[in-house]
Amino acid sequence: MSPDEYCQNKAVQSGSSFYYAFLFLPPERRRAITALYAFCREVDDVVDECSDPSVARVKLAWWDKQIDELFEGRAEHPVMQALAPHLESCRITASRLHAIVQGMEMDLDQSRYLDWPGLRKYCWHAAGVVGELSVGIFGYTDPSTLEYADKLGLAFQLTNIIRDIGDDARRGRIYLPVDELQRFDVKASEILNSQHSERFVDLMRFQTERARQYYREAMQALPEADRRAQRPGLAMAAIYHALLVEIERENWQVLDQRISLTPIRKFWLAWKTWVSGGRSVVKRLGR
């Protein structure tokens, strides 16, 4: 298969919400964002699928080298070959791609974060920088759109952390800050053993409000001039925020199950955002 087909296949197989948000993009931009998504999946899979950290480090170092070779015109991997035609037109930079790999390396180095500033740094590497790359692909004219991208990336990553608490714990990782666990009197052992409690619910309510605050700040930071161009990100915001609401409705039963939206609901939210120009999402989530 061609590099673009390889990336498309990677996106479809994942079942990610990103796939639905990309559907309505013009072909060239859709190919670029799908290639970026496939890159993120490739490096993320290194950490999730390698049981030996030393092997994972070697593989991530290989990806770092691939990034350098991409900008030297010597890309080998299909994902990098798919990214190559879009570097200049979509403002894709080597430093931002390297930052994504650095985020994966953080997962190898630590499985706990002492406080929110430490976790926020990780969230930027895992999602904020992806947002910055994405808005370049969608197109923007106002530098303030980068602030929107950073805050929306944080909101997405916090939503992921809330949704995946149980799955992450089974991999030995607890992303919730240690000082906040202590504040709500929730022990790490309770999360590792899937012990749901009112204390845990209070902790999750606090984390959910933090995520909502970043959705609000992102919507408030998005310049009106770039709103229509940023509809794919706004479609993602509609989907992820709906997921956050669903998790809250289920009383944060995330320790032993994975709460998700149906594909048809994701498609509907993405389509509705696209045809409305994203205005309704900005207004609703920005309140």
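Just so it is clear, the structure is predicted and the values come from calculations on it, not from any experiment.

Rules and cut-offs
Residues numbered from 1 in each chain as written. Predicted model: local features only at pLDDT ≥ 70, side-chain atom pairs only at ≥ 80, totals over all residues. Heavy atoms only, no water. Core = buried A, V, L, I, M, F, W, Y, C linked by side-chain atoms within 4.5 Å. Buried < 20%, exposed > 50% of the residue type's maximum accessible area, 1.4 Å probe, protein only. Contact = heavy atoms within 4.5 Å. Phe/Tyr/Trp six-rings, centres within 6.5 Å; stacked < 30°, edge-to-face > 60°. Helix = DSSP H or I, 4+ residues; strand = E, 2+ residues; numbered from the N terminus. Lys NZ or Arg CZ within 6 Å of the ring centre and 35° of its normal. Axes fitted to C-alpha atoms, helices over the stretch in contact; angles between N-to-C directions. Parallel < 35°, antiparallel > 145°, perpendicular 65-115°, else oblique. Left-handed = near helix turned anticlockwise from the far one by under 90°. Nonpolar A, V, L, I, M, F, W, Y, C, P; charged D, E, K, R; others polar. 1 Å grid on protein atoms, 1.4 Å probe; cavity = no way out; pocket = protein on both sides within 12 Å on 5 of 7 lines; lining within 4 Å. Points joined across faces, edges and corners; volume = space filled by probe spheres on them. pLDDT = per-residue confidence, 0-100. Patch = residues over 30% accessible without salt bridge, like charges linked within 9 Å, V, L, I, M, F, W, Y side chains within 5 Å. Areas by Shrake-Rupley, 256 points an atom, 1.4 Å probe, with all protein chains shown as cover. Salt bridge = Lys/Arg side-chain N within 4 Å of Asp/Glu carboxyl O. Lys, Arg positive; Asp, Glu negative; His and termini not counted. Charge placed at Lys NZ, Arg CZ, Asp CG, Glu CD.

**Regarding the nonpolar core**
Logical step 1: In this structure, Phe39, Tyr148 and Ile191 are the most contacted members of the largest nonpolar core, which totals 99 residues.
Logical step 2: In contact with Tyr148, not counting residues within four places along its chain, are Val135, Ala218, Met219, Ala221, Leu222, Gln230, Gly233 and Leu234.

**Observations concerning the packing of aromatic side chains**
Logical step 1: The final tally for this structure, using the stated rule, is 12 aromatic pairs.
Logical step 2: Centroid distance Phe156 to Tyr240: 4.8 Å. Interplanar angle 45°. Geometry classified as tilted. Of this pair, Phe156 sits in helix α8 (residues 144–163) while Tyr240 sits in helix α13 (residues 231–249); the two residues are 84 residues apart in sequence, bridging distant segments of the chain. Pair check on accessibility: Phe156 and Tyr240 agree, each one buried.
Logical step 3: Positioned above the aromatic ring of Tyr140 is the side chain of Arg91, whose terminal nitrogen or guanidinium carbon lies 4.0 Å from the ring centre.
Logical step 4: Sitting over the ring of Trp116, Arg210 keeps its end group 4.3 Å from the ring centre.

**Overview of the packing of helix α6 (residues 94–109) against helix α7 (residues 116–138)**
Geometry of a packed helix pair, given as the angle between the helix axes and the separation of the axes.
Logical step 1: Remark: α6 packs on α7, axes separated minimally by 8 Å, with the N-to-C direction vectors making an angle of 155°. In terms of orientation, α6 and α7 fall into the roughly antiparallel class. Along this stretch, α6 crosses α7, giving a crossing that reads as left-handed. Each of Arg96, Leu97, Ala99, Ile100, Gln102, Gly103, Met106 and Asp107 in α6 lies in contact with α7, whose residues at this interface are Lys121, Tyr122, Trp124, His125, Val129, Val130, Glu132 and Leu133.
Logical step 2: Its residues placed into classes, the contact of α6 with α7 shows 9 nonpolar, 3 polar and 4 charged.

**Details of empty space enclosed by the protein**
Logical step 1: One pass over the full model with this rule turns up 1 cavity of 30 Å³ or more.
Logical step 2: The volume enclosed by the largest cavity comes to roughly 50 Å³.
Logical step 3: Around the largest cavity sit Ile161, Ile165, Asp168, Arg173, Ile174, Tyr175, Leu176 and Ile191, which together line it.
Logical step 4: Looking at the lining of the largest cavity residue by residue, the classes come out as 6 nonpolar, no polar and 2 charged.

**Some points on the confidence of the model for the protein chain**
Logical step 1: On average, residues of the protein chain score 94 in pLDDT, and 99% of them are at 70 or above.
Logical step 2: Considering each helix and strand of the protein chain separately, the mean pLDDT is smallest for helix α2 (residues 17–22), with a value of 81, and largest for helix α12 (residues 198–221), with 98.

**Thoughts on a positive patch on the surface**
Logical step 1: Taken together, the side chains of Lys272, Lys283, Arg284 and Arg287 make up a positively charged region of the molecular surface.
Logical step 2: Here Arg284 lies in helix α15 (residues 279–285).
Logical step 3: For Arg284, a relative accessible area of 38% puts it in the partly exposed group.

**What about the environment of Ile161?**
Logical step 1: By the secondary structure assignment, Ile161 is in helix α8.
Logical step 2: Residue Ile161 is classed as buried on the basis of its relative accessible area of 5%.
Logical step 3: Linking Ile161 and Tyr175, residues 14 residues apart in sequence, is a C-alpha distance of 6.9 Å.
Logical step 4: Here Ile161 is in contact with Leu119, Cys123, Tyr175 and Leu176, once residues within four sequence places are set aside.

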